[in-house]
Amino acid sequence: MAVICACGERNTVNHALICQKGGFVIRRHNEIRDIEAELLDEVCISVTKEPCLLPLSGEVVRGNQADEARLDVSAIGFWRPQEKMFVDVRVFDPNCQTYKERDPNT
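Being a predicted model, the structure only gives us computed values, none of them experimental.

Novice: Got a sec to walk through the overall build of the chain? Specific residues and values, please.
Specialist: In terms of helices and strands, the chain carries two helices and three strands. For the chain, the N- to C-terminal ordering of α and β elements is α-α-β-β-β. Here the C-alpha atoms of the chain give a radius of gyration of 18 Å, more than 25% beyond the 13 Å that 2.2 N^0.38 yields for 106 residues. Along the first, second and third principal axes, the C-alpha set of the chain runs to 50 × 35 × 30 Å. Among the 106 residues that make up the chain, the fraction classed as buried is 23%. Of the roughly 8,500 Å² of accessible surface on the chain, 52% is carried by carbon and sulfur atoms. Measuring between centres, the 13 positive side-chain charges of the chain sit 5 Å from its 17 negative side-chain charges.

The structure is reproduced here in structure tokens:
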């Protein structure tokens, strides 16, 4: 591991877990996404990584509203036959300072 991160900060294990520029956040996310897609491919059909979502047509939603919004994995047949499901992977650091005062049940 490099001594100095791509963002210019000192590279520690904790910094590598949270840095969006030179850390392992994206790498960890993509590893989980790929493993999830491989496992779903064993039991589902039409497993796709990073499928584009349909454009919004007046719906009010939270989150990414861009025309080419994507989720991490989609598959058909997980919950019910011929039903499509979408999965969004979220990677976070449970030891992050912003979580220290939070109730873990929320």
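There's plenty left to go through after this.
Novice: So what about the packing of aromatic side chains? Which residues, and what values?
Specialist: Here the distance between the centres and the angle between the planes together describe a pair of aromatic rings. Enumeration according to the criterion identifies one aromatic pair in this entry. Measuring from ring centre to ring centre gives 4.8 Å for F78 and W79, while their planes differ by 85°; the resulting arrangement is edge-to-face. Exposure remark for W79: the relative accessible area of 61% places this residue in the exposed category.

Novice: Outline the side chain of H29, supporting the account with residue identities and numerical values.
Specialist: Here H29 is to be found in helix α2 (residues 25-43). The exposure class assigned to H29 is buried, which follows from its relative accessible area of 17%. Not counting residues up to four positions away in its chain, the partners in contact with H29 are D72, V89 and V91.

Novice: Which residues make up a negative patch on the surface, and what values go with them?
Specialist: Taken together, the side chains of E31, E38, D41 and E42 make up a negatively charged region of the molecular surface. By the secondary structure assignment, E31 is in helix α2.

Novice: Hey, could you go over the pattern of salt bridges for me, with residue numbers and the actual values?
Specialist: All told, the structure shown has four salt bridges when counted by the stated rule. The salt bridge involving R33 is made with D34; its shortest N-O contact spans 2.8 Å. Assessed through its relative accessible area of 10%, R33 is described here as buried. The partner of R80 in a salt bridge is E83, and the shortest N-O contact between them spans 2.9 Å.

Novice: Break down the nonpolar core for me, with residues and values.
Specialist: If you look at the biggest cluster of nonpolar residues, it comprises seven residues: A37, L40, C44, V73, A75, M85 and V87. Of all the secondary structure elements, the ones that give two or more residues to this core are α2, β2 (73-76) and β3 (84-87). Ignoring sequence-local partners within four residues, the contact set of C44 consists of A75, I76, G77 and F78.

Novice: Pulling in residues and values, what's your account of the sheet that holds β2?
Specialist: Pairing is antiparallel in the open sheet, where three strands are placed in the order β1-β2-β3. The open sheet has two edge strands with one neighbour each: β1 (45-49) and β3. Along the sheet, successive strands turn relative to each other by an average axial angle of 10°, direction set aside. Looking at chain direction, β1 and β2 are connected through three bridges and run antiparallel. Bridge pairing in β2 links T48 to S74. Strand contacts of α2: β1, β2 and β3, with the helix running at about 175° to β1, the strand carrying the most contacts.

What counts and what doesn't
Residues numbered from 1 in each chain as written. Predicted model: local features only at pLDDT ≥ 70, side-chain atom pairs only at ≥ 80, totals over all residues. Heavy atoms only, no water. Helix = DSSP H or I, 4+ residues; strand = E, 2+ residues; numbered from the N terminus. Rg over C-alpha atoms; globule rule 2.2 N^0.38 Å. Buried < 20%, exposed > 50% of the residue type's maximum accessible area, 1.4 Å probe, protein only. Areas by Shrake-Rupley, 256 points an atom, 1.4 Å probe, with all protein chains shown as cover. Lys, Arg positive; Asp, Glu negative; His and termini not counted. Charge placed at Lys NZ, Arg CZ, Asp CG, Glu CD. Phe/Tyr/Trp six-rings, centres within 6.5 Å; stacked < 30°, edge-to-face > 60°. Contact = heavy atoms within 4.5 Å. Patch = residues over 30% accessible without salt bridge, like charges linked within 9 Å, V, L, I, M, F, W, Y side chains within 5 Å. Salt bridge = Lys/Arg side-chain N within 4 Å of Asp/Glu carboxyl O. Core = buried A, V, L, I, M, F, W, Y, C linked by side-chain atoms within 4.5 Å. Pairing = 2+ DSSP bridges. Axes fitted to C-alpha atoms, helices over the stretch in contact; angles between N-to-C directions.

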